[in-house]
Structure formats: structure tokens, C-alpha cells
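Next come the chains, spelled out residue by residue.
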Amino acid sequence: MSDQPVDNGKRTWLIASGCAGVVGSVAVAVPFVASFEPSERARAAGAPVEVDISALKPGEKLTIEWRGKPVWIVRRTPEQLASLSKVDPLLADPKSERKPDELTPPYARNEHRSIKPELLVAVGICSHLGCSPSDKFQPGAQPSLPDDWAGGFLCPCHGSTFDMAGRVYKNVPAPDNLEVPPHMYLSDSRLIIGEDKKA
């Protein structure tokens, strides 16, 4: 142990310099790390969007934006799923065979048009003139809908109707089913829209 007196001025200067260095490093690191996040412009151009679906209850719909378009995530009830096979004869493209590469990824080419039967993921834009259909989940007779309505979506612009899988009915202006965007599940409660590497 040295008997030399401690230079308190030098000690204070060293501590202050060290703290300033740490603060400076953090100030530089924060923007650097933040630069890895996709910008708003990148998101608009199609960067994937991660969604928490843990609070979505059966019969509810969540809308998020991807590529400037509304994407619907609907947690269908058992009754809504059961209605899908019943309306097949009324649909223009029940098996999603029209424009499959544009509208329906391989993992959604099934009756429920989804990876998980209870969850529909679809772009909420009508294939007629680009309007956004309204939710008409309640079955039964309603204005602008048939008396045997099983639940689904109604485009208010020209009356096109879609079932609970986004499949278009016959004899309406819309020519095609609603688009199913690329998507995959990161977990039971997290979904990513715009990417489907694991699907």
C-alpha cells in the first residue's frame, strides 16, 4: 500500500471523464440500434408487421395495416366454422382455385382459407372496385342480405358478399375471393403479416 496522498482533483476528473464516456456511448448506441427497426416508408413498402392476437376473442375482428391495406384477423366461432361447408354451393370459388398465386397461398387453400381453422387472415378490400366490406357476422335475414345469410362480409358499395372465409358468393359484382396475405405464426399469440417462411 502506497503512503502517497490521494489526489482528489485527479480522481474526480477521472470519474467525470468515465461517466461522460458511458453517456456518450449510450447516446451513440441508441440511434444505431433503432436504425435496425424498419422505417415507416419500409413498412408502407411491405415490411412484415407483427401482431399480438392474445386478446382476440371468438367472434371478434382485429384490423391492422400492411402495405397501406387493411388486414383483418378474425377469430371465428365454432358456429362460424361449421357454416363454411354449408355455403359451398352458393359460392363462386369455394376451393380458391381462381388466381391462387395472387389470392391464396398454398397453406390457405382449404375450406377455412387459413393455417389455423379458427383464425382468418384476409386483406379487407373487395375484389370489385377496392371498397372495404363491412362485418355482417350475425346470421339471419338483414337488409341487403339473403334471408338464409350464414354470416360474413358485405361490401356496401355494390352489394358483393363474402362468407366467413372471405370467399365470394355467386352472382355479385366482385369476381374473386378476398386476398389472404402471406403470414405465419410466431407463437399461439403472435402473428406476422407479410412473411411466411415457416408456413
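Just so it is clear, the model here is predicted, and its values are computed rather than measured.

Calculation rules
Residues numbered from 1 in each chain as written. Predicted model: local features only at pLDDT ≥ 70, side-chain atom pairs only at ≥ 80, totals over all residues. Heavy atoms only, no water. Helix = DSSP H or I, 4+ residues; strand = E, 2+ residues; numbered from the N terminus. Buried < 20%, exposed > 50% of the residue type's maximum accessible area, 1.4 Å probe, protein only. Contact = heavy atoms within 4.5 Å. Areas by Shrake-Rupley, 256 points an atom, 1.4 Å probe, with all protein chains shown as cover. Pairing = 2+ DSSP bridges. Axes fitted to C-alpha atoms, helices over the stretch in contact; angles between N-to-C directions. Salt bridge = Lys/Arg side-chain N within 4 Å of Asp/Glu carboxyl O.

**A closer look at the overall build of the protein chain**
A tally of helices and strands in the protein chain yields four helices and nine strands. Listing each helix as α and each strand as β along the protein chain from the N terminus yields α-α-β-β-β-α-α-β-β-β-β-β-β. Burial analysis of the protein chain (199 residues in total) assigns 35% to the buried set. Long-range contacts, defined as pairs at least 24 residues apart, comprise 54% of the intrachain contacts of the protein chain with a sequence gap of at least 6. Here the protein chain displays about 11500 Å² of accessible surface, and carbon together with sulfur accounts for 57% of that area.

**Comments concerning the sheet that holds strand β8 (residues 183-185)**
Strands sit in the order β1-β9-β8 across an open sheet of three strands; the sheet is antiparallel. The open sheet is flanked by β1 (49-52) and β8, the only strands paired with a single partner. For this sheet, the mean angle separating the axes of adjacent strands, direction not counted, is 20°. Strand direction decides the pairing type here: β8 and strand β9 (residues 190-193), joined by three bridges, are antiparallel.

**Some details on the pattern of salt bridges**
Under the counting rule described, the total for this entry stands at nine salt bridges. Across the salt bridge formed by K69 and E179, the nearest N and O atoms sit 3.7 Å from each other. Of this pair, K69 sits in strand β3 (residues 69-75) while E179 is found in the loop between β7 (161-163) and β8, placing the two residues 110 residues apart along the sequence. Within the structure, one salt-bridge network assembled from shared partners comprises E50, D52 and R190.

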